[in-house]
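Secondary and tertiary structure notes
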Amino acid sequence: MKNFSLKLSKKNLAIIGCVCIFVLFGINRYKVYTQANKTIGLYINWTTTHKAANMAYMLDFVENDSLFVQTNLKNIHTPYSIVYKENNTYKLKQLDY
């Protein structure tokens, strides 16, 4: 059997280790970026001071679909909500804080 030996200084070993760690960080960030669910949405504050302005923003966001707005306004029980588009349909999620 042949023996194989490799001599590395501590400095070279540290540099190789740092490069490997940075490559792993880069791979991880790329994986997170490609797997992230990218959704466009609108945060809505239904308190009395912002209600009229947010109603106009919501109508613009849902492309003036007043039926969607009217049906969801009846079911709102919290002062904060998010409107988002998923599979070409608009959805409203109420935030319970």
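Below you will find a few notes about this structure.

1. Observations regarding the packing of aromatic side chains
On inspection of all chains with the given rule, the structure shows 3 aromatic pairs. With a centroid separation of 6.1 Å and an interplanar angle of 10 degrees, the aromatic rings of Tyr-43 and Tyr-80 are classed as stacked. Pair noted here: Tyr-43 is in strand β1 (residues 41-45) and Tyr-80 is in strand β2 (residues 80-86), with a separation of 37 residues, a long-range link. We classify Tyr-80 as partly exposed; its relative accessible area is 22%. Pairing Phe-68 with Tyr-90 gives two aromatic rings, centres 6.2 Å apart and planes at 55 degrees, and the pair type is tilted. Here the residue Phe-68 occupies a position in helix α3 (residues 66-73), and Tyr-90 occupies one in strand β3 (residues 89-95), the gap between them amounting to 22 residues. Of the aromatic side chains, those joined through ring pairs into one cluster are Phe-61, Phe-68 and Tyr-90.

What counts as what
Numbering of residues starts from 1 in every chain and runs along the sequence as written. Owing to the predicted nature of the model, reporting of local features is limited to residues with pLDDT of at least 70; listing and counting of side-chain atom pairs is limited to 80 or more, with chain, interface and lining totals taken over all residues. By convention in this description, side-chain values take in all heavy atoms of the structure and omit both hydrogens and water. The aromatic pairing rule takes the rings of Phe, Tyr and Trp, using the six-membered ring of Trp, and pairs them if the centres are within 6.5 Å, calling planes under 30 degrees apart stacked, those over 60 edge-to-face and the rest tilted. Each helix corresponds to a stretch of at least 4 residues labelled H or I by DSSP, and each strand to a stretch of at least 2 residues labelled E; elements are numbered beginning at the N terminus. Here's how the labels work: a residue is buried when its accessible area is under 20% of the maximum for its type, exposed when over 50%, partly exposed in between, all with a 1.4 Å probe on protein chains only.

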